[in-house]
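Here is what each chain is made of, one letter per residue.
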Amino acid sequence: MFAVSKQIAGGIGPLMWGVLLLLGARTEGATANPLPSVHALVEAAERGAVVELPAGTFELDRPLVIDKPLSLVGRGKDRTVLRSTAGEAGVMLIVRNVSGVRLVRFTLDGAGNRHVSQGIVLSNGSGHRLEELCIRDIPGSGDFGPHGIYASANVTDSVFACLEIRNIGRDSEWGAGIRIGKGGQGNAIVDNDLSGFGRGGILTTHGSTDTRIVRNRVREFGFAGPGLGIEVWGSGRRVVIEDNSVDHWISVDGQEDVAVRRNAITGAADPARIGSYVLELVNSQRVVMTDNVASGGNQIGISVSNRARKDLAYWARNRMAGCQTWGAQIQGEEGGAHRMYFYRNVFEETRKSDRSLYPGAAGHGFRFNGNAFGMVVHANQIVGNRGAGIQLGGPNLDRLAFIENVVQDNDGPAVAGAFRGDHVLWRANDVSGNQGGDNALTSKGFDERSLPDLAIRVSADLKTGKPVTFELEGFDPARFSEVLWDLDHGVPRAGRTVEHTYDRPGPYRIAAIAWTPHGQATLAEATLTVTD
């Protein structure tokens, strides 16, 4: 039977609600009753109650609205099912104008009902926890969505964890698993398994800030829309995207202070489905993308594009293998791409075929396509690609530096295209075995004297929970204008000196890139261990 527990000092005391709370449940061994028992239960519950649902299938013929703090807890997502029987368009479950709601251990089943417009919609609340839910089989009925979970406005400091969301709007260009909308702040999307969407898996929009997207699996999407595994879009700040596995496309668009680390971009299980991008940077600044691995099934590995300014990015130890068109394309457009440091990445085995996005221009490992300034390509491996190792194209390329790269065994030349800018540095690159020729660029314009060596200094022992200060020794403010830090934890930081607190022990690879006003840069690295 149903139980409602009221939270009291010293523990939880069950308050049994009697026969009323049994109505409408198709429970184990029970007979169905058409009355909306779950609605009655929620309406009758006191603020702060724990509403316990037994095993069984319960019909939702209209939206279930929660507008007071409570917990709705099932016996497990395989045992407690809330199934839509709605005959009119609407949302299955609404949480609005309330904080502190918990939804735990049940399934929300759209049952293929086209009247269902969304799964769960939340608005104007904080501190929610949605955990161990399954949300499934919602084809959609409206122009926008459906979404498994849509935090439509002003949802803050909430957790979405251990969710299974599948088959949501497969034929809708907006169908998605989780979307955090306007006013979202401090939300965590963690350890979820998402599959089967028209558009994509996890999306944040319209100024969502301080979001953590960690250890999610996102697969089988893009059946009707662009196919975004994870997208953070539109005037957001301070986002961490780490340790996820997606078929295609992690996109950072219109953001500041974003870290994208240790994600696996695998390609779809169906080899006939090819995604657009692996890592995309659009109209953003102060971004680090490190230790991400792509293993085929996508057209372009690293993509920098679109009209607004793109500035201050650190790309390190990413592996872009088997892309169908280019391993990387830097296309600055009107606003330009500025001050980006590419370090120890691998661009290998880029393909060229009738499946490429642009078959006649495909196959290059690393491609510039105009309006790029202050680019440093340092210690990368650009090997075994079906076109050129490096391609220079488009107008307005200047202040490019190529240092200690390996450019080998490409089908085309080491470098294709002419450099027409005033400043280029080509130093200590290992060029060999390129079928189109082992050519090189000629340095010009830059002052080739070494920039001063910088070192990372730490103010104290690194302990979890204790703030530590990082400082760049050798920093000369007369020579350097910007510093971008990657602390291998949290979001990127800026400035000669930064402070940070680690919350877990282990080794961390720290990097600081200092830029001159003229587009040259130097890198300082250190691997440090944080202890308890």
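Residues numbered from 1 in each chain as written. Predicted model: local features only at pLDDT ≥ 70, side-chain atom pairs only at ≥ 80, totals over all residues. Heavy atoms only, no water.

Asks: So what exactly am I meant to see when it comes to the overall build of the protein here?
Replies: Scanning the protein for helices and strands turns up one helix and 52 strands. The globule rule puts the C-alpha radius of gyration for 532 residues at 24 Å, and the 26 Å found for the protein is close to it. When the backbone C-alpha atoms are referred to their principal axes, the protein occupies close to 85 × 55 × 35 Å. Relative to its 532 residues, the protein shows a buried fraction of 58%. Pairs at least 24 residues apart make up 70% of the contacts formed inside the protein by residues separated by at least 6 positions. In the protein, the 55 positive side-chain charges and the 59 negative ones have mean positions that sit 2 Å from each other. (Helix = DSSP H or I, 4+ residues; strand = E, 2+ residues; numbered from the N terminus. Rg over C-alpha atoms; globule rule 2.2 N^0.38 Å. Buried < 20%, exposed > 50% of the residue type's maximum accessible area, 1.4 Å probe, protein only. Contact = heavy atoms within 4.5 Å. Lys, Arg positive; Asp, Glu negative; His and termini not counted. Charge placed at Lys NZ, Arg CZ, Asp CG, Glu CD.)

Asks: So what exactly am I meant to see when it comes to the pattern of salt bridges here?
Replies: Close approach of charged atoms allows side chains with opposite charge to pair. Within this structure, the stated rule accounts for 32 salt bridges. Residue Glu131 is joined to Arg129 by a salt bridge in which the shortest nitrogen-to-oxygen separation is 2.9 Å. Classification of Glu131 by relative accessible area gives buried; the value is 18%. Overall, the relative accessible area of 35% leaves Arg129 in the partly exposed class. (Salt bridge = Lys/Arg side-chain N within 4 Å of Asp/Glu carboxyl O.)

Asks: I would appreciate a short explanation of the nonpolar core in the present structure.
Replies: Nonpolar side chains in soluble globular proteins tend to be buried together. Grouped together as the largest cluster of nonpolar side chains are 91 residues, with contacts concentrated most on Leu103 and Phe368. When sequence neighbours within four positions are dropped, the list of residues in contact with Leu103 reads Ile66, Leu72, Leu93, Val95, Ile120, Arg129, Leu130, Glu131 and Leu133. By size, the runner-up hydrophobic cluster in this structure holds 22 residues, among which are Ile456, Ile510, Ala526 and Val530. (Core = buried A, V, L, I, M, F, W, Y, C linked by side-chain atoms within 4.5 Å.)

Asks: Help me understand the pairing of strand E26 (residues 250-261) in this model?
Replies: Successive residues of a regular strand alternate their side chains across the two faces of the sheet. For E26, a buried count of 11 out of 12 residues is recorded, marking the element as mostly surrounded by other parts of the structure. Where strand E24 (residues 228-242) and E26 come together, 10 bridges link them in parallel fashion. When the sheet's bridge partners are listed, Trp233 is paired in E26 with Asp253. Of the pairings in the sheet, the one linking E26 to strand E28 (residues 275-282) comprises four bridges and is parallel in character. Within E28, the residue paired with Asp253 across the bridge is Val282. Pairing between E26 and strand E29 (residues 285-290): five bridges, direction parallel. (Pairing = 2+ DSSP bridges.)

Asks: Explain the packing of aromatic side chains here, please?
Replies: The description of an aromatic ring pair uses the distance of the two centres, along with the angle that the planes make with each other. Using the criterion set out here, one finds 15 aromatic pairs in the structure. Look at Trp326 and Tyr358: their rings are 5.7 Å apart centre to centre, the planes differ by 20°, and that puts the pair in the stacked class. Of this pair, Trp326 sits in strand E34 (residues 326-330) while Tyr358 sits in the loop between strand E36 (346-348) and strand E37 (364-369), and the two are 32 residues apart along the sequence. Using a relative accessible area of 47% as the deciding quantity, one classes Tyr358 as partly exposed. Joined through ring pairs, the aromatic side chains of Trp315, Phe342, Phe347, Phe366, Phe368, Phe402 and Trp426 make up one cluster. The ring centre of Phe223 lies 4.2 Å from the NZ or CZ of Arg170, which sits over that ring. Here the basic side chain of Arg367 rests over the ring of Trp326, its NZ or CZ set 4.1 Å away from the ring centre. (Phe/Tyr/Trp six-rings, centres within 6.5 Å; stacked < 30°, edge-to-face > 60°. Lys NZ or Arg CZ within 6 Å of the ring centre and 35° of its normal.)

Asks: What is the right way to read the environment of Gly365 from this model?
Replies: Its location among the elements puts Gly365 in strand E37. Distance in space between the C-alpha atoms of Gly365 and Asn410 is 8.4 Å, their sequence separation being 45 residues.

Asks: How do you make sense of the sheet that holds strand E51 (residues 506-515) when you look at a structure like this?
Replies: Picture the strands of a sheet paired through backbone hydrogen bonds; they go either parallel or antiparallel. Spatially, the four strands line up as an open sheet ordered E49-E48-E51-E52, and their pairing is antiparallel. A single partner strand is all that each edge strand has here, and the edge strands are strand E49 (493-494) and strand E52 (521-530). Bridge count for E51 against E52 is 10 bridges, and the pairing is antiparallel. Following the sheet pairing, Ala511 is matched in E52 by Glu525.

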